[in-house]
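Descriptive structure summary
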Amino acid sequence: MVSSRPTPLSRGEKAGRRDQILAAASELFARHGFHGVGIDEIGAAVGISGPALYRHFRSKDAMLGEMLTSISRYLLDGGTARAAEGGDPDEVLARLVRFHVNFALTQPALITVQERNLGNLTDSDRRQVRALQRRYVEVWVRALRAAVAHLDETRARSAAHAVFGLMNSTPHSRHLPDEDLAALLERLALGALYAAK
């Protein structure tokens, strides 16, 4: 079942306006591309003038940087928490898959923005996002190697990246109700991961 959890951009009530801006920007960036959206459009989506956005973000680049850093941190924190719950290695891997599938189904705009706009980040933001992403992959590599006997690290890493591609493809093709699609993606992802040996 797809659950609704705090979004990757949610940081509590004090940051409410910033979160609204980031959520609106993610939808617009996903639909029209980073360069196809101006600050006036983002402002209009949240009921303020474009220049008023500068009270919350120093630039559109800073907005994108915070958005993609937040996504990457959310995934790392969520994956780490699920792995830390412990238990049988198969259940740990299944929890990671459920977590990522839920993210993919509830945050399609963020996935699209992440896929298309990594190159639009400043160098420092790109380095930070890449570092967070690498750490998230390593959570999966450890879980996968614990669940699949004799799987070497390189093969586990390749399998994790391939399965991310499968799960993240959902924004582009949603032909089933979310619950059915979630169940299908979980089965496909787990099947692919266990076939990695």
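The rules behind these values
Residues numbered from 1 in each chain as written. Predicted model: local features only at pLDDT ≥ 70, side-chain atom pairs only at ≥ 80, totals over all residues. Heavy atoms only, no water. Core = buried A, V, L, I, M, F, W, Y, C linked by side-chain atoms within 4.5 Å. Buried < 20%, exposed > 50% of the residue type's maximum accessible area, 1.4 Å probe, protein only. Helix = DSSP H or I, 4+ residues; strand = E, 2+ residues; numbered from the N terminus. Contact = heavy atoms within 4.5 Å. UniProt positions renumbered as here; feature names shortened; annotations may be inferred. Salt bridge = Lys/Arg side-chain N within 4 Å of Asp/Glu carboxyl O. Phe/Tyr/Trp six-rings, centres within 6.5 Å; stacked < 30°, edge-to-face > 60°. Lys NZ or Arg CZ within 6 Å of the ring centre and 35° of its normal.

Section: the nonpolar core
Across soluble globular proteins, nonpolar side chains show a tendency to be buried alongside one another. Residues F29, I42 and W140 are the most contacted members of the largest nonpolar core, which totals 61 residues. Elements that contribute at least two residues to this core include exactly α1 (16–32), α3 (60–84), α4 (89–106), α5 (108–117), α6 (123–147), α7 (153–168) and α8 (178–194). Ranked by residues supplied to this core, first place goes to α6 with 10 residues. Residue contacts for W140: discarding those within four places in its chain leaves L96, V97, H100, A160, F164, M167 and L193.

Quick look at the UniProt feature "DNA-binding region" (unreviewed entry) in the protein
UniProt's entry tags residues 38–57 with the feature "DNA-binding region" (unreviewed entry), counted in the numbering of this structure. Overall, residues 38–57 shows 35% helix and 0% strand. The separation of its end C-alpha atoms is 14 Å.

Points about the environment of E153
For E153, the location among the structural elements is in helix α7. The partly exposed category is assigned to E153, whose relative accessible area is 37%. Linking E153 and R142, residues 11 residues apart in sequence, is a C-alpha distance of 8.4 Å. Among all residues touching E153, those that are not within four sequence positions of it are E138, V141 and R145.

Considerations on the pattern of salt bridges
Taken as a whole, this structure holds 8 salt bridges when the rule is applied. We note a salt bridge from R126 to D123, for which the minimum N-O separation is 3.0 Å. Taken together, the residues span about one helical turn, with R126 and D123 both in helix α6 at a distance of 3 residues. Measuring nitrogen to oxygen at the nearest pair gives 2.9 Å for the salt bridge that ties R157 to E153. Here R157 and its partner E153 are both found in helix α7, 4 residues apart, which amounts to about one turn of the helix. You can call R157 partly exposed: its relative accessible area is 25%.

Digging into the packing of aromatic side chains
Within the structure shown, the criterion is met by 6 aromatic pairs. Taking the centre distance of 6.2 Å and the plane angle of 75 degrees together, the rings of Y136 and W140 count as edge-to-face. Of this pair, Y136 and W140 both sit in helix α6, 4 residues apart, which is roughly one turn of the helix. Here the aromatic rings of W140 and F164 are separated by 5.1 Å at their centres, their planes lie at 80 degrees, and the arrangement is edge-to-face. Here F164 lies in helix α7 and W140 lies in helix α6, a separation of 24 residues in the sequence. No difference in accessibility class separates W140 from F164, as the two residues are buried. A connected cluster of aromatic rings, assembled from ring pairs, spans Y74, F99 and F103. Directly above the aromatic system of F57 lies the positively charged group of R18, at a separation of 4.2 Å from the ring centroid. Lying across the ring of F34, K60 places its NZ or CZ 4.4 Å from the centre.

Considering the environment of S173
You can see S173 is positioned in the loop between α7 and α8. Exposure remark for S173: the relative accessible area of 33% places this residue in the partly exposed category. Spatially, the C-alpha atoms of S173 and D125 are 29 Å apart, while their sequence positions differ by 48 residues.

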